[in-house]
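Results of the structural survey
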Amino acid sequence: MAKKSKKYIDAAKKIEAGKLYSINEAVALVKELDFAKFDASIDVAYRLNLDTRKADQQLRGAMVLPNGTGKTQRVLVFARGEKAKEAEAAGADYVGEAELAEKIQDGWFDFDVVVATPDMMGLVGRLGRVLGPKGLMPNPKTGTVTMDVKKAVEEIKAGKVTYRTDKAGNVQISVGKVSFDSEKLVENLKAFHELVVRLRPATVKGKYVQSLTISSTFGPGVKVDISSL
């Protein structure tokens, strides 16, 4: 396990052991405890009572946060003809076909999200080995395989986040930056929490949300009282 820095240890001392903080208190504390020399991200981590070996207990999808994430996503779109023109007009950073696929095969990854029209998936599918491990493979569940490339690009640029459960049933996303107003962070957190609760699989028994923690990029985690959401 990596050794904790003195700044991290000092920040962690300000968190009351065993206390569950209200969402407003938690956001204020995370902002106060941040010690990064840049505008750090604020992340939320859910521990959910899910058995991800069962197909119906795997959460995966995307949503646009009310106040965005504060991060500008570089979007690459695989499309041709009119759809390529739509993607460019919507603000895509890179638009193309085989020439982009070749660049990626050669090790180029100067982008954050990949969108593709369904007719391009034969080409994109060949990139599965390189895009898959980086979580960049387009997927209909996250709205990145679509004919509506205009909407896809605009939503990603507006602060769309993707989420998926890991093997242990955890879900983690970024909900903004330390520089955001607390109210905007709380609004983003509440919007994502409503989605997580709404997605509860019918087959889950017992307590669904086991714990909820928020933290800045390098800062310690603050546990949130779920009832305050």
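Above this note sits the structure.
Here's a quick rundown of the structure. (Residues numbered from 1 in each chain as written. Predicted model: local features only at pLDDT ≥ 70, side-chain atom pairs only at ≥ 80, totals over all residues. Heavy atoms only, no water.)

1. Some words on the packing of aromatic side chains
Filter applied, for reference: Two rings from Phe, Tyr or Trp (for Trp, the six-membered ring) form a pair when their centres are within 6.5 Å of each other. A pair whose planes differ by under 30 degrees is stacked, one over 60 is edge-to-face, and the rest are tilted. Runs of H or I in DSSP of at least four residues are treated as helices and runs of E of at least two as strands, each being numbered from the N terminus. When accessible area is computed with a 1.4 Å probe and restricted to protein chains, residues below 20% of their type maximum are described as buried, those above 50% as exposed, and intermediate ones as partly exposed. Put simply, a charge is over a ring when the Lys NZ or the Arg CZ is close to the ring centre, within 6 Å, and near the line of the ring normal, within 35 degrees.
A complete count under the given rule lists 6 aromatic pairs for this structure. Between the aromatic rings of Y46 and F192, the centroid separation amounts to 5.8 Å while the plane-to-plane angle is 70 degrees, which identifies the pairing as edge-to-face. With a gap of 146 residues between them, Y46 in strand β1 (residues 41–48) and F192 in helix α8 (residues 182–198) connect regions that are remote in the sequence. The exposure classification of Y46 matches that of F192, with both residues buried. Ring geometry for F109 versus F111: centroids 6.0 Å apart, planes at 45 degrees, classification tilted. For F111, a relative accessible area of 4% corresponds to the buried category. Grouping aromatic residues by their ring pairs yields a cluster made of Y94, W108, F109 and F111. One Lys or Arg, K103, reaches over the ring of W108 and ends 4.1 Å from the middle of that ring. Lying over the aromatic face of F109, K134 brings its terminal NZ or CZ to 4.5 Å of the ring centre.

2. Some points on the pattern of salt bridges
How we decide: Here, a salt bridge means any side-chain nitrogen of Lys or Arg that lies within 4 Å of a carboxyl oxygen of Asp or Glu.
Scanning the entire structure with this criterion turns up 12 salt bridges. Here K13 and D10 are joined by a salt bridge, their closest N and O atoms 4.0 Å apart. Relative accessible area serves as the criterion here: at 65%, K13 is assigned to the exposed category. Its relative accessible area of 31% is what places D10 among the partly exposed residues. Where E154 meets K150, a salt bridge forms, and the shortest distance between an N and an O atom there is 3.1 Å. With E154 and K150 both in helix α7 (residues 149–158) and 4 residues apart, this pair spans about one turn of that helix.

3. Here we look at the packing of helix α3 (residues 81–90) against α7
Stated precisely, the cut-off is as follows: Fitted lines through C-alpha atoms serve as axes, helices being fitted only where they are in contact, and the angles separating the N-to-C directions of these axes extend from 0 to 180 degrees. Oblique is the label for any angle not under 35 degrees, not over 145, and not in the 65 to 115 range, which are roughly parallel, roughly antiparallel and roughly perpendicular in turn. Working rule for handedness: look at the near helix, and if it is turned counterclockwise from the far one by less than a right angle, call the crossing left-handed; if clockwise, right-handed. Residues are treated as being in contact if the distance between any of their heavy atoms lies within 4.5 Å. Under the grouping applied here, Gly and all other residues not named as nonpolar or charged are polar, the nonpolar ones being Ala, Val, Leu, Ile, Met, Phe, Trp, Tyr, Cys and Pro and the charged ones Asp, Glu, Lys and Arg.
With their axes 8 Å apart at the nearest point, α3 and α7 run at an angle of 25 degrees to one another. Considering the angle they form, α3 stands roughly parallel to α7. Crossing geometry of α3 relative to α7 is assigned as right-handed. Side by side, α3 and α7 meet where K83, E86, A87 and A90 of the first sit next to V149, K150, V153 and E154 of the second. Considered class by class, the residues forming the contact of α3 with α7 number 4 nonpolar, no polar and 4 charged.

4. A short note on the nonpolar core
The test is simple: Here, nonpolar core means buried Ala, Val, Leu, Ile, Met, Phe, Trp, Tyr and Cys residues that are tied together by side-chain atoms lying within 4.5 Å of each other.
Core analysis: the biggest nonpolar cluster contains 40 residues, and V44, Y46, L48, F192, Y208 and I214 have the highest contact counts within it. Among the elements of the structure, α2 (23–33), β1, β6 (160–164), β7 (170–177), α8 and β8 (209–216) are those that each provide at least two residues to this core. When residues no more than four places from it in sequence are discounted, the contact partners of L48 are L59, A168, G169, V171, V196, Y208, V209 and Q210. Listed in part, the 15 residues of the second largest apolar core include A116, M120, L123 and L131.

5. Overview of the sheet that holds β8
We count it as follows: Strand pairing is assigned whenever DSSP detects at least two bridges linking the two strands.
Here we have 4 strands laid out as an open sheet, ordered β7-β1-β8-β9, and antiparallel in their pairing. The sheet is open, and its two borders are formed by β7 and β9 (222–223), each paired with just one other strand. For β1 and β7, the ladder comprises 7 bridges, and the chain directions are antiparallel. Residue R47 lies in a different strand from β7, and its bridge partner there is N170.

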